[in-house]
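Examination of the molecular architecture
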Protein chains: 2
Amino acid sequence: MELSEKKTAEMFKALCDENRIKIIKLLQNGEKCACRLNEEIDVTQPTMSHHMKVLCDSGLVVGRKEGKWMHYSISREGAKTALELLSELTKVKIDSNDSCC
Amino acid sequence: MELSEKKTAEMFKALCDENRIKIIKLLQNGEKCACRLNEEIDVTQPTMSHHMKVLCDSGLVVGRKEGKWMHYSISREGAKTALELLSELTKVKIDSNDSCC
DNA sequence: TCACCACATTGAAAAATGTCTATATATTTA
DNA sequence: TAAATATATAGACATTTTTCAATGTGGTGA
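All values derive from a computational prediction rather than experimental measurement. (Residues numbered from 1 in each chain as written. Chains lettered and ligands numbered in written order. Predicted model: local features only at pLDDT ≥ 70, side-chain atom pairs only at ≥ 80, totals over all residues. Heavy atoms only, no water.)

**Thoughts on the side chain of serine 75 of chain A**
All names here are of chain A. For serine 75, the position within the fold is in the loop between strand S3 (69–74) and helix H5 (76–89). Residue serine 75 is classed as buried on the basis of its relative accessible area of 12%. Residues in contact with serine 75, not counting those within four places in the same chain, are Gly59, Leu60, Val61 and Val62. (Helix = DSSP H or I, 4+ residues; strand = E, 2+ residues; numbered from the N terminus. Buried < 20%, exposed > 50% of the residue type's maximum accessible area, 1.4 Å probe, protein only. Contact = heavy atoms within 4.5 Å.)

As structure tokens, this is what we get:
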């Protein structure tokens, strides 16, 4: 763990978009192919492809190619990493007082 | 819990920016006033003020006014909410096969 | 009251992101 | 091989976000 601030921000950027949240929620019910996702979310095919790239790059989602189809699913490992990252980030290490002002 | 996709995305938007990640990391060592944060991060004062607003709006950070100073700290409750949100979002409900293609 | 200080707000410019259309690539099937 | 299908990529455009300079607000102390 202990990613750079840039990498950390990148991880959470995957979760910054309303449509990507919808996609993840759909994937909670198991693996889905791109065409099915496209049916359920109102964006064009290239836009969906872009979102799937962002999600896969973040590690939260994994893609599996089967012939001409792409099947996507939530990565348990990616989800675990994200949770650990958020947990570490928001952990208060020392409850010291503000010695500044 | 069970926020809308829009609200969920908004929560994670607070974590999307490299400088805001740095700010949270600084706050891990305890409450800090705005002027101290400003010393440590290379942005102008209005930009810092903007980031603090985003962080406070998300609930992850709380501000406490004391005279003319603002003291910021990580909200344990906000952090808990964010963790629960991410945990629920990435939980795989059913491991069904893709019945699509 | 007046000057000063810490912080917030406003408005504008620059950068990043989401979206589309058009096109390319890869795989299957006739 | 050629057509059809699923997905990816490229390029353009609009929106959103980050940032700054300028200014406003509210508290402090001379």
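**Focus on the interface of chain A and chain B**
In this complex, chain A contributes 48 residues to the contact, which on the side of chain B involves 48 residues. Interface area, chain A with chain B, both sides summed: about 4,200 Å², of which 62% is carbon and sulfur. For the interface between chain A and chain B, the tally reads 2 salt bridges. If you look at where chain A meets chain B, you find 10 residue pairs in polar contact (both at pLDDT 80 or more). Taken together, the elements giving at least two residues each to the side of chain A that touches chain B come down to helix H1 (5–13), helix H2 (18–27), strand S1 (32–33), helix H3 (34–40), S3 and H5 of chain A. When grouped by side-chain class, the residues that make up the side of chain A that touches chain B number 21 nonpolar, 10 polar and 17 charged. (Buried area = accessible area lost by both parts, 1.4 Å probe. Salt bridge = Lys/Arg side-chain N within 4 Å of Asp/Glu carboxyl O. Polar contact = N/O pair within 3.5 Å; in protein donor to acceptor, adjacent residues only side chain to side chain. Nonpolar A, V, L, I, M, F, W, Y, C, P; charged D, E, K, R; others polar.)

**Brief notes about the protein's contact with DNA strand D**
Not every one of the 20 residues close to DNA strand D is listed here, only the nearest: Gln45 and Ser49 of chain A together with Arg20, Thr47 and His51 of chain B. At 2.8 Å from a phosphate oxygen of DNA strand D is found a side-chain nitrogen or oxygen belonging to threonine 47 of chain B. Elements that contribute at least two residues to the surface near DNA strand D include exactly H3, helix H4 (45–58) and S3 of chain A together with helix H2 (18–27) and helix H4 (45–58) of chain B. When residues in the surface near DNA strand D are grouped by element, the largest group, 4 residues, is from H4 of chain B. Of the residues in the surface near DNA strand D, the class split is 8 nonpolar, 8 polar and 4 charged. (Near = heavy atom within 4 Å.)

**Points about the environment of threonine 47 of chain B**
Residue and element names in this part refer to chain B. By secondary structure assignment, the location of threonine 47 is in helix H4. Residue classification places threonine 47 among the partly exposed residues on the basis of a relative accessible area of 30%. Sequence spacing of threonine 47 and serine 73 is 26 residues, and the spatial spacing of their C-alpha atoms is 18 Å.

**Focus on the layout of surface pockets**
Residue and element names in this part refer to chain B. Volume-wise, the largest pocket comes out at about 260 Å³. Taken together, Leu3, Lys7, Glu10, Met11, Lys13, Ala14, Val54, Asp57, Ser58, Gly59, Gly78 and Thr81 make up the full set of residues lining the largest pocket. For the lining of the largest pocket, the secondary-structure elements that each account for two or more residues are helix H1 (5–13), H4 and helix H5 (76–90). It is H1 that contributes the most residues to the lining of the largest pocket, 4 residues altogether. Residue composition of the lining of the largest pocket, grouped by class: 4 nonpolar, 4 polar and 4 charged. (1 Å grid on protein atoms, 1.4 Å probe; cavity = no way out; pocket = protein on both sides within 12 Å on 5 of 7 lines; lining within 4 Å. Points joined across faces, edges and corners; volume = space filled by probe spheres on them.)

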